[in-house]
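# Descriptive structure summary
Take a look at the letters that make up each chain.
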Amino acid sequence: MIIVKTSSALNRALLPHKPNPIGFVPTMGALHNGHITLIEQAAVNSDFVVCSIFVNPTQFNNPADFAKYPITLEKDILMLEKAGADMLFLPLVSELYPAGIENLERYDLGYLETVMEGSFRPGHFQGVCQVMSRLIRAVGPDKLFMGQKDYQQCMVVKRLLEIMKSPVEFITCPTVREADGLAMSSRNMRLNADERNKATAIYRALTYIKTNLSSKAIGPLKSEAHSILTAAGLKPDYIEIADGDDLHLLKDAKDSAKSVALIAAFMNEVRLIDNMIL
Ligand code: AMP
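Bear in mind the structure is a predicted one, so any value in this text is a computation, not a measurement.

Nonpolar side chains tend toward joint burial in soluble globular proteins. Ranked by size, the top nonpolar core spans 45 residues in total, and within it Leu 10, Val 50, Met 132, Leu 144 and Leu 247 carry the most contacts. For this core, the element with the highest residue contribution is helix α7 (residues 124–139), accounting for nine residues. For Leu 10, the contacting residues outside a window of four places in its chain are Val 4, Val 50, Met 87, Phe 89, Ala 138 and Val 139.

Take a look at the structure:
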């Protein structure tokens, strides 16, 4: 695997491969099997796989979350090589943001930025768009692989591709879970054994919603899911049931042919998100 740190080195190294489909998997590192399935999907569906590891400062609305974001670079490199990544792009902040991280242009994300992650993490999706537009311009991929685990983020990046008038093909990969249902996440590394155990309540709450969607109204479903979370010591930011195509919040499950349940909750200091297509 080739490791490059600058856009010019990236360009030079990619040039011989450009005629063939390039698959791109952006990450913030601290890799787990969820990331690795994205690399494997990219390897199956493209000729050359580029992964990036960059902990993007502009998407953290909480400075403590940014400061404590796990970094496991040596292990990540070994995992990427084993999974079949061809190139790792490891830029510095000054490489992606040469003019600094203040006073950046705004992207019009409309309604998407007003609900759930958008409302609970002000500025987060603007930061996601900043980094994704820069990474896409630097790598110039044909295909972009991202995880359903970050459902709303997938919708934001699809919107960004429209705004950029980019021909890049967007491929959503299913959420990879631990054996007990907890969605894999780099932030799980920050949980102790007890917290890690209790965090499975998020999966149980989502499963409860899915199992009971046809027999219960949305209000009682959400309040029961809330009880499942709080009984485990989680503090929910939101529990929503939304239309899977535009994320409009549903008052009645029958109002949408494809609905999705989405949860964000704190286990002490660590904020976890997950979702389930219903
Ligand atoms: P992150 O490093 O958390 O920014 O995630 C990088 C990419 O991996 C994003 O597209 C995520 O949606 C995806 N991802 C993270 N966790 C999982 C998971 N458990 N299953 C599938 N994809 C994931």
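Right, let's get into the site of the ligand. Inspection of the region around the ligand gives 16 residues, with Met 28, His 35, Asp 150, Val 176 and Met 184 positioned closest. Met 28 places a polar main-chain atom, nitrogen or oxygen, 2.9 Å from an oxygen atom of the ligand. Here Met 184 contributes a backbone N or O atom positioned 2.9 Å from a nitrogen atom of the ligand. Out of a free accessible area of 480 Å², the ligand has 93% covered by protein chains. Broken down by element, the residue count for the shell around the ligand peaks at three residues, all from helix α2 (residues 33–45). When the residues that make up the shell around the ligand are grouped by side-chain class, the tally is eight nonpolar, six polar and two charged.

This brings us to the pairing of strand β9 (residues 270–277). Extensive coverage of β9 is indicated by the burial of seven of its eight residues. Pairing geometry for strand β8 (residues 259–267) and β9, over eight bridges, is antiparallel. If you follow Phe 266 over to β9, its bridge partner there is Arg 271. Remark: two residues form the turn of the hairpin made by β8 and β9, two consecutive strands paired antiparallel; Asn 268 in that turn has positive phi of roughly 50 degrees.

Looking now at the sheet that holds strand β7 (residues 234–243). Spatially, β7-β8-β9 is the arrangement adopted by the three strands of the open sheet, whose pairing is antiparallel. Only two strands of the sheet have a single neighbouring strand rather than two, namely β7 and β9. Strand-to-strand twist of the sheet, defined as the mean angle between neighbouring strand axes without regard to direction, takes the value 15 degrees. Relative to β8, β7 is paired through nine bridges, and the arrangement is antiparallel. Within β8, the residue paired with Ala 242 across the bridge is Val 260. Where helix α10 (residues 201–212) meets the sheet, it contacts β7, β8 and β9, and its direction lies at approximately 25 degrees from that of β9.

Let's shift gears to the packing of α2 against helix α4 (residues 73–83). In the contact formed by α2 and α4, the axes pass within 9 Å of each other and the chain directions differ by 35 degrees. Crossing geometry of α2 relative to α4 is assigned as right-handed. Contacts between α2 and α4 pair Ile 36, Ile 39 and Glu 40 from the former with Met 79, Leu 80 and Ala 83 from the latter. Residues belonging to the contact of α2 with α4 are distributed by class as follows: five nonpolar, no polar and one charged.

On to the sheet that holds strand β1 (residues 2–4), then. The strand order across the open sheet formed by six strands is β1-β4-β3-β2-β5-β6, and the pairing between neighbours is parallel. Both outer strands of the open sheet, β1 and β6 (169–173), are each paired with one neighbouring strand and no more. When the angles between neighbouring strand axes are averaged without regard to direction, this sheet yields 25 degrees. Where β1 lies against strand β4 (residues 87–89), three bridges are found, and the strand directions are parallel. Bridge pairing in β4 places Ile 3 opposite Leu 88.

A few words on the environment of Ala 67. Its location among the elements puts Ala 67 in helix α3 (residues 63–67). Taking C-alpha positions, Ala 67 is 9.5 Å from Pro 57, a pair spaced ten residues apart along the chain.

Scanning the model with the defined rule gives four aromatic pairs in all. Note on Phe 60 and Tyr 69: the rings are 5.7 Å apart at their centroids and 75 degrees apart in plane angle, and the pair reads as edge-to-face. Of the residues examined, Phe 60 reaches a relative accessible area of 10% and is grouped as buried. Under the relative-accessibility criterion, Tyr 69 is labelled buried at 9%. Taken together through their ring pairs, the aromatic side chains of Phe 60, Phe 66 and Tyr 69 make up a single cluster.

What counts as what
- Residues numbered from 1 in each chain as written.
- Predicted model: local features only at pLDDT ≥ 70, side-chain atom pairs only at ≥ 80, totals over all residues.
- Heavy atoms only, no water.
- Core = buried A, V, L, I, M, F, W, Y, C linked by side-chain atoms within 4.5 Å.
- Buried < 20%, exposed > 50% of the residue type's maximum accessible area, 1.4 Å probe, protein only.
- Helix = DSSP H or I, 4+ residues; strand = E, 2+ residues; numbered from the N terminus.
- Contact = heavy atoms within 4.5 Å.
- Near = heavy atom within 4 Å.
- Polar contact = N/O pair within 3.5 Å; in protein donor to acceptor, adjacent residues only side chain to side chain.
- Areas by Shrake-Rupley, 256 points an atom, 1.4 Å probe, with all protein chains shown as cover.
- Nonpolar A, V, L, I, M, F, W, Y, C, P; charged D, E, K, R; others polar.
- Pairing = 2+ DSSP bridges.
- Axes fitted to C-alpha atoms, helices over the stretch in contact; angles between N-to-C directions.
- Left-handed = near helix turned anticlockwise from the far one by under 90°.
- Phe/Tyr/Trp six-rings, centres within 6.5 Å; stacked < 30°, edge-to-face > 60°.

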